[in-house]
Amino acid sequence: MGDLGRLFLNAMFVENMPLSFFLGLCTFLALSRRPATALGLGIAMIGVMGLTVPLNQLIYSHVLAPGAWGWAGRPDIDLSYLNLLAFIGLIAATVQLLEMVIERFFPAIHAAFGVFLPLLTVQCAILGGSLFMVERRYDLSESLVFGLGSGAGFALAVVMLSAIRSRLSYADLPDGLRGLGITFILAGMMSLGFSSFAQMVAQ
Amino acid sequence: MLAREGLLATLTGPLLERNPVTLQILGICSALAVTTSLDTALTMSVSLTIVLVLSAAIVSLIRRHIPGTIRLIVQIVIVASLVIVIDQVLQAYFFDISQRLSVFVGLITTNCLVLGRTESFARSNPVLPSVVDALGNGLGYSLVLIVIAALRELFGAGKLLGHVVLPLAEEGGWFTPLSLMLLAPSAFFLLGGLVWALRSVLPEQAEAPEVTPPEPQEPR
């Protein structure tokens, strides 16, 4: 428990990716029509974020960070400006690998959320997780916990939003508000609710 | 003449009628986080428009040489390289704003708007229309960002671009700032309201209901 547990809760509730940082909103809004698809997306997010954030942490701290080449006698090499390219490449590779593994060993799961996996390559929340990891200087265990927590937070938010949306599908809304408009307002209300979690995790 | 009208329509279409943010749900990921003040929103708009136009031009230039199977990777690499350049320029000349934008400049890489335009338009069109289309979409995105940022800064802090517009009550004026405007939920509410307003003016954009409710049955 202790610091890592607090980091997990913080990443899941207080710093919820879609609701307080607006990351990953494209998929958050587009794939939240039905709870079943939302659940698939959420599970995929937990897996991908739990893998890519620690892997990117390894790459960053051993290859890209200023001074990472000190063991080779070249402490002046600073490759940190390459982090975007490296992270995106690693995320794409991980997603591809994960898809192949799931397709080979768990065909049922693959059929359930196969289409969303490739989409996750260009998901802002996943790249954002890795960039936050760099900005806040997490170490390996912290970045693993942070990745899992952010993924779990995304899953929770998307499942909740899809539940509300499927509840509302019979509601008689004004024409202009139907679809995207009401979804934004729902997300705003959820965001208001999540912001009160800030008191839950002791500072 | 006809070609010029076509170009003009490509440029102005995405401003209101086919706005990338409110109609196509593209690129909102970064649109909301940077709108707490007008100057960050302006920086973000300019950066995104530059990346969008340049990546559309490059992808369109080499569109006949990109193999179909790896085109996504090629496009992402082009976009990411451009974003790195923009990020370095911002850090060098606008360090203050670059700090406040934090990770969101980097996230232009995964902005669905950029990939969406290169994938759906620049990949199959000559350079000039692609650039015009990218510019139009970039301006449409900027328009939404600037409207939301101006509202949030004006009502949240009583300022526009750092200049006092509504004198605050604490400083002898009359305006009490709505601190909710500076928090995350208000961005959702404002964008939702904007979508509602736009779709009420242009009713053909409204989405069809997904399900029709069953007819109420007569009580027996």
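Before going into details, it helps to say that this report is about the structure given with it. Quantities reported herein were computed from a predicted structural model and do not represent experimental measurements. (Residues numbered from 1 in each chain as written. Chains lettered and ligands numbered in written order. Predicted model: local features only at pLDDT ≥ 70, side-chain atom pairs only at ≥ 80, totals over all residues. Heavy atoms only, no water.)

1. Comments concerning the overall build of chain B
Looking only at helices and strands, one finds 8 helices and 2 strands in chain B. When the elements of chain B are put in sequence order from the N terminus, they spell out α-α-α-α-α-α-α-β-β-α. For chain B, with 220 residues in total, the buried portion stands at 47%. For chain B, the accessible area works out to roughly 10900 Å², and carbon and sulfur atoms hold 68% of it. (Helix = DSSP H or I, 4+ residues; strand = E, 2+ residues; numbered from the N terminus. Buried < 20%, exposed > 50% of the residue type's maximum accessible area, 1.4 Å probe, protein only. Areas by Shrake-Rupley, 256 points an atom, 1.4 Å probe, with all protein chains shown as cover.)

2. Focus: the interface of chain A and chain B
Each side of the interface is counted separately: chain A has 42 residues, and chain B has 44 residues. Approximately 3700 Å² of surface area, both sides summed, lies buried where chain A meets chain B, with 80% of it carried by carbon and sulfur atoms. The largest contributions to the chain A side of the interface with chain B come from Phe22(A), Leu180(A) and Phe184(A), which together make up 18% of the buried area. The interface formed by chain A and chain B contains 0 salt bridges. Joining chain A to chain B, the criterion identifies 0 residue pairs in polar contact (both at pLDDT 80 or more). Elements supplying a minimum of two residues to the side of chain A that touches chain B: α2 (17-20), α3 (25-30), α5 (83-105), α8 (124-136) and α10 (180-195) of chain A. Looking at the side of chain A that touches chain B element by element, the count peaks at 9 residues for α10(A). Across the side of chain A that touches chain B, the residue classes tally to 27 nonpolar, 11 polar and 4 charged. (Contact = heavy atoms within 4.5 Å. Buried area = accessible area lost by both parts, 1.4 Å probe. Salt bridge = Lys/Arg side-chain N within 4 Å of Asp/Glu carboxyl O. Polar contact = N/O pair within 3.5 Å; in protein donor to acceptor, adjacent residues only side chain to side chain. Nonpolar A, V, L, I, M, F, W, Y, C, P; charged D, E, K, R; others polar.)

3. Quick word on the packing of aromatic side chains
Residue and element names in this part refer to chain A. Tallied over the entire structure, the rule returns 3 aromatic pairs over all chains. Measuring from centroid to centroid gives 6.0 Å for Phe28 and Phe154, while their planes differ by 65°, and the two rings are edge-to-face. Of the two residues, Phe28 is situated in helix α3 and Phe154 in helix α9 (residues 140-167); the sequence distance between them amounts to 126 residues. Classification of Phe154 as buried rests on a relative accessible area of 0%. Arranged with centres 5.1 Å apart and planes meeting at 45°, the rings of Tyr138 and Phe146 form a pair that is tilted. Under the relative-accessibility criterion, Tyr138 is labelled buried at 12%. In this structure, Arg104 is placed above the aromatic ring of Phe105, and the distance from its NZ or CZ to the ring centre is 5.1 Å. (Phe/Tyr/Trp six-rings, centres within 6.5 Å; stacked < 30°, edge-to-face > 60°. Lys NZ or Arg CZ within 6 Å of the ring centre and 35° of its normal.)

4. Points about helix α7 (residues 127-157) of chain B
For α7(B), built from 31 residues, the straight-helix expectation of 45 Å at 1.5 Å per residue is met to within 8% by its first-to-last C-alpha distance of 43 Å. Just downstream of α7(B) lies Gly158(B), where phi reads positive at about 75°. (Expected span 1.5 Å × (residues − 1).)

5. Some points on a nonpolar patch on the surface
Side chains of Leu97(A), Met100(A), Val101(A), Phe105(A) and Phe106(A) sit close together on the surface and give an oily, nonpolar patch of about 520 Å² of accessible area. Note that Leu97(A) resides in helix α5. (Patch = residues over 30% accessible without salt bridge, like charges linked within 9 Å, V, L, I, M, F, W, Y side chains within 5 Å.)

6. What about the nonpolar core?
Grouped together as the largest cluster of nonpolar side chains are 103 residues, with contacts concentrated most on Leu23(A) and Phe28(A). Ignoring any residue separated from it by four or fewer positions in sequence, one finds Leu23(A) in contact with Met17(A), Pro18(A), Cys124(A), Ala125(A), Gly128(A), Phe132(A), Phe154(A), Phe104(B) and Leu107(B). (Core = buried A, V, L, I, M, F, W, Y, C linked by side-chain atoms within 4.5 Å.)

7. Side note on the environment of Gln123(A)
Looking at where Gln123(A) falls in the secondary structure, it is placed in the loop between α7 (116-119) and α8. Apart from residues lying up to four places away in sequence, Gln123(A) is in contact with Gly24(A), Thr27(A), Met45(A), Phe154(A) and Thr110(B).

8. A closer look at the packing of helix α4 (residues 35-64) of chain A against α8(A)
Residue and element names in this part refer to chain A. Between α4 and α8, whose axes approach to 9 Å, the crossing angle comes to 35°. Regarding α4 and α8, the two cross each other, and that crossing is right-handed. Along its contact with α4, which presents Met45, Val48, Met49, Thr52, Val53, Asn56, Gln57 and Tyr60, the element α8 presents Ala125, Ile126, Gly129, Ser130, Met133 and Val134. (Axes fitted to C-alpha atoms, helices over the stretch in contact; angles between N-to-C directions. Left-handed = near helix turned anticlockwise from the far one by under 90°.)

9. So, the packing of helix α4 (residues 71-93) of chain B against helix α6 (residues 112-120) of chain B
All names here are of chain B. Where α4 contacts α6, the axes come no closer than 11 Å and their chain directions differ by 130°. Accordingly, the angle class assigned to the pair α4 and α6 is oblique. For the crossing formed where α4 meets α6, the hand is right-handed. Between α4, through Arg71, Leu72, Gln75, Ile76 and Val79, and α6, the contact on the second element is made entirely by Val114, Leu115, Thr118 and Glu119. (Parallel < 35°, antiparallel > 145°, perpendicular 65-115°, else oblique.)

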